[in-house]
Amino acid sequence: MNALGRVWFPLAVIALVALALPGMALFGLHVAGLEGPTNDWLLANLKLSFHPALPLWACGVLLAVPPVLVLLYFLKLKRKPLEVPSTFLWKKSVEDLHVNSLFQWLRRNVLLLLQLLAVLGLIYGILAPKFFARGGEGRRYVVLVDNSASMSATDVSPNRLAQAKDAAIAEIDAAGESDAGMVIAFSGAAEIRQSFTTNKVALKQAVRDIGPTSRPTRLEEALALAESLANPSRSTEDVAVRPDNATRTYVANEGRTTDVHLFSDGRFPDVSDFARGNLNLQFHSVGKPGPEVDNVGIVAFSATRDESDPSRLFVSVRLLNFRPKPANVKLELTVLVDGRTQKSYDRSVNLPARLIETPAGDSNLPAKDIPGENSATYEIPELDDRQEVVLRARIVGHTDALPADDEAQLVVGVVRRANVLIAGPPNAVLDAFFNDRATQEVCAVRRITPAQLTDRAMYLDPAQKGTFDLVIFDRCVPAREEDMPQSNTLFIGRPPPPWKLPGEPQPEGKTVEKVSQPAIKGWVPQHGLLRYLSGLHEVGVFEAYRVTGLPPRTPKLMEGDRDLLLMFTLSRGSYTDAVLAFPILNDVGEWNTNWPLLPSFPLFLRNTLYTLGNVRDASSEENTVPGEVKILRPAETVDRIEVTAPGSLEAVAVDRGSRVDFAFAGTDKPGVYNVRWRGGSRRFAVNLLDPDESNIQPRTSVTVGSEAVVAGASEKKPRELWKWLILAALAVVLVEWYVYNQRVFV
């Protein structure tokens, strides 16, 4: 025991100094720039990592404390008052001098041990060690953060987007140091906020920078983007070994398993046709779970003019109640003319409670979610149909978890007339439609002969400048593809260039042949050109053309027997070329079909005028959802327009470029946008109006591909040991203070 009592103290001091050596070594590796490889080794073998939390000079000062502390104890005199004979006193004084030499052993002192322990706790605390539940395997992961309109719901504090960002940051913290992550924000469209990197600081900052939007939610683009970047279709090895101009694959890309963490409330349509491949999808549901939803929203807003009295307007507003109890809300409709309030209407709307019907028995059918629904209708008289009127509907005196759907705007504009050019020989059938007074109210028609298609003033120059909205080629075509107009077209009885008539030399892979007396077997009534058409099987055709060599996936609008395509559309940049593969009148002016005698024919021409001619009548302004590209076609031919967003004083200039129309993509903010150009202006409205976004109940599972993905919790953050080490050091300091005050010496 006496031997143990003599050696325990020096052994303890040696052990404490030895414990400081790994910290000094890690600090040296950090100074030498080897922190990354060292962390990789620690993760692979010990599941640890370190990141010094202090500047280099401060770390150096702290690491120098243990040897300095021991040195001070070497030099410190430790005398204890004691009455002894004088000769003994001199003997002890000489021993004190020996003890304080650097080569003599320290006196046993508990304070030294406690102080060394405190300093060691601080040393390893500033190294910020972390313990991971799994080692670093260099995996890849993608963080998808939903920032759509429903993510602004305040059913959780402060809102769902903030909760999703916190959970995404926790997931990034849980990743290994060698794991590469990517951040994608998505709503109606997907955007890469941070490409693959192992820098967690950059990844977390990218998540923090994600802001809310008013867009609806669509997951398809985000998944496709993640899949294309995580598993590219072509491997780098294939690119390295593949000869120039080679088409086949030499080294197949085997893909790489990638974890995709989806942070969303799930308010988007299922993506059942997506092949997940190597993507391991994990869904993290955001929001307050359960059916206790607090939201009433406007989901539809429309207006029509009275055909007999254009100054009278009929307005309808549809509301849905997603609360589990009935709601009574006050709906305010405001009529604004030139930005000033002309009239205001208030109406109380009673909405029944939301009803969730669960199938009886052991049925696997999903429960029916039936929100409470009601509509408010208004009749607004004495409006000038030559003015552009803005209607604003909003729920007043009511608060819920999603204010974004409590207001909607609608622009009831004046008629935009289309500029139509008809090229071809005389055609009484077309003249009967386009000479009608109702048709002339929405379009201006110019006619030229087939010979004038080569005339620069009559056709070539205005066609290339985009003067026309719609060009109808009746039994004639431009001589060259370069002469095609900068507009939508309808070809009647002739295929467009580069196809030629039967008997003429055809381009390679393309043919045109005559077919006698085809029968119509089917058509696509959902397409804009054939909307509301019925009874087309009654149409008789004497002679038609079979056109081959069409591009893949050409829309087939009308099909006949013998695999004959009687109507189809071709894409030409931003323009659409519709082709009717049989003429109305033949080359000698005789009837080739009885279609003009049926009610569906004038309806077809009207659909063509409105769909391809960019006609906008006084009540046909379609709603634009936030984030959707708005196609604008001024009444005049201009090269630039200026668009002012709601609440903004600065206009955004949009150049036409090679297009005839203008594509404006800055529609992120709901409200009324003002468009101006030289000689005119117009407005258009942007609204959410999406029942899926208004139903803010978080989903517990989503379907991606063929399987349902159930929501799960985020991975736990790595255990940050430095906090506990600092607390331990503080506790040791307190014990040392107590021992010092008790004057305890061993």
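Keep in mind it's a predicted model, so treat the numbers as computed, not measured. (Residues numbered from 1 in each chain as written. Predicted model: local features only at pLDDT ≥ 70, side-chain atom pairs only at ≥ 80, totals over all residues. Heavy atoms only, no water.)

Draft legend 1. Seen up close, the pattern of salt bridges. Applying the stated criterion to the full structure yields 25 salt bridges. Arg318 is the salt-bridge partner of Glu373, the closest N and O atoms lying 2.7 Å from each other. Taken together, the residues span a long stretch of sequence, with Glu373 in strand β14 (residues 372-380) and Arg318 in strand β9 (residues 313-321) at a distance of 55 residues. With relative accessibility at 44%, the residue Glu373 sits in the partly exposed group. Residues Lys330 and Asp346 are paired through a salt bridge, measuring 3.8 Å at the closest nitrogen-oxygen approach. Taken together, the residues span a long stretch of sequence, with Lys330 in strand β10 (residues 327-337) and Asp346 in strand β11 (residues 340-351) at a distance of 16 residues. For Asp346, a relative accessible area of 46% gives the class partly exposed. In this structure, a network of salt bridges that share partners links the residues Arg139, Asp179 and Asp259. (Salt bridge = Lys/Arg side-chain N within 4 Å of Asp/Glu carboxyl O. Helix = DSSP H or I, 4+ residues; strand = E, 2+ residues; numbered from the N terminus. Buried < 20%, exposed > 50% of the residue type's maximum accessible area, 1.4 Å probe, protein only.)

Draft legend 2. Region of interest: the environment of Val293. Summarising the element assignment, Val293 is placed in the loop between β7 (279-285) and β8 (296-305). A sequence separation of 404 residues divides Val293 from Gln697, and the C-alpha atoms of the two residues are 5.9 Å apart.

Draft legend 3. Looking closely at the side chain of Asn687. Residue position: Asn687 is located in the loop between β32 (680-686) and α15 (691-694). Side-chain polar atoms of Asn687 contact the backbone oxygen of Gln409, separated by 2.5 Å. In terms of polar contacts, Asn687 uses its side chain to reach the side chain of Asn623, at 3.1 Å. Sequence-distant contacts of Asn687, defined by excluding residues within four places in its chain, comprise Ala408, Gln409, Asn623, Thr624, Val625 and Pro626. (Polar contact = N/O pair within 3.5 Å; in protein donor to acceptor, adjacent residues only side chain to side chain. Contact = heavy atoms within 4.5 Å.)

Draft legend 4. Up close: the packing of helix α7 (residues 160-174) against helix α8 (residues 200-208). Here α7 crosses α8 at 170°, and the two axes come no closer than 9 Å. If you check the angle between α7 and α8, you find them roughly antiparallel. Contacts between α7 and α8 pair Lys165, Ala168, Ile169, Ile172 and Asp173 from the former with Lys200, Leu203, Lys204, Val207 and Arg208 from the latter. Of the residues in the contact of α7 with α8, the class split is 5 nonpolar, no polar and 5 charged. (Axes fitted to C-alpha atoms, helices over the stretch in contact; angles between N-to-C directions. Parallel < 35°, antiparallel > 145°, perpendicular 65-115°, else oblique. Nonpolar A, V, L, I, M, F, W, Y, C, P; charged D, E, K, R; others polar.)

Draft legend 5. A look at the sheet that holds strand β22 (residues 520-523). Taken in spatial order, the 8 strands line up as β18-β17-β19-β20-β26-β25-β24-β22 in an open sheet, and their pairing is mixed. Only two strands of the sheet have a single partner each, and these edge strands are β18 (443-448) and β22. For this sheet the average axis-to-axis angle between neighbouring strands, irrespective of direction, equals 15°. Relative to strand β19 (residues 470-474), strand β17 (residues 418-423) runs parallel, the two sharing 4 bridges. Note that in β19 the partner of Val420 across the bridge is Leu470. With respect to the sheet, helix α14 (residues 600-612) is in contact with β17, β18, β19, β20 (488-492), β25 (564-572) and β26 (575-580), its orientation differing from that of β20 by roughly 155°. (Pairing = 2+ DSSP bridges.)

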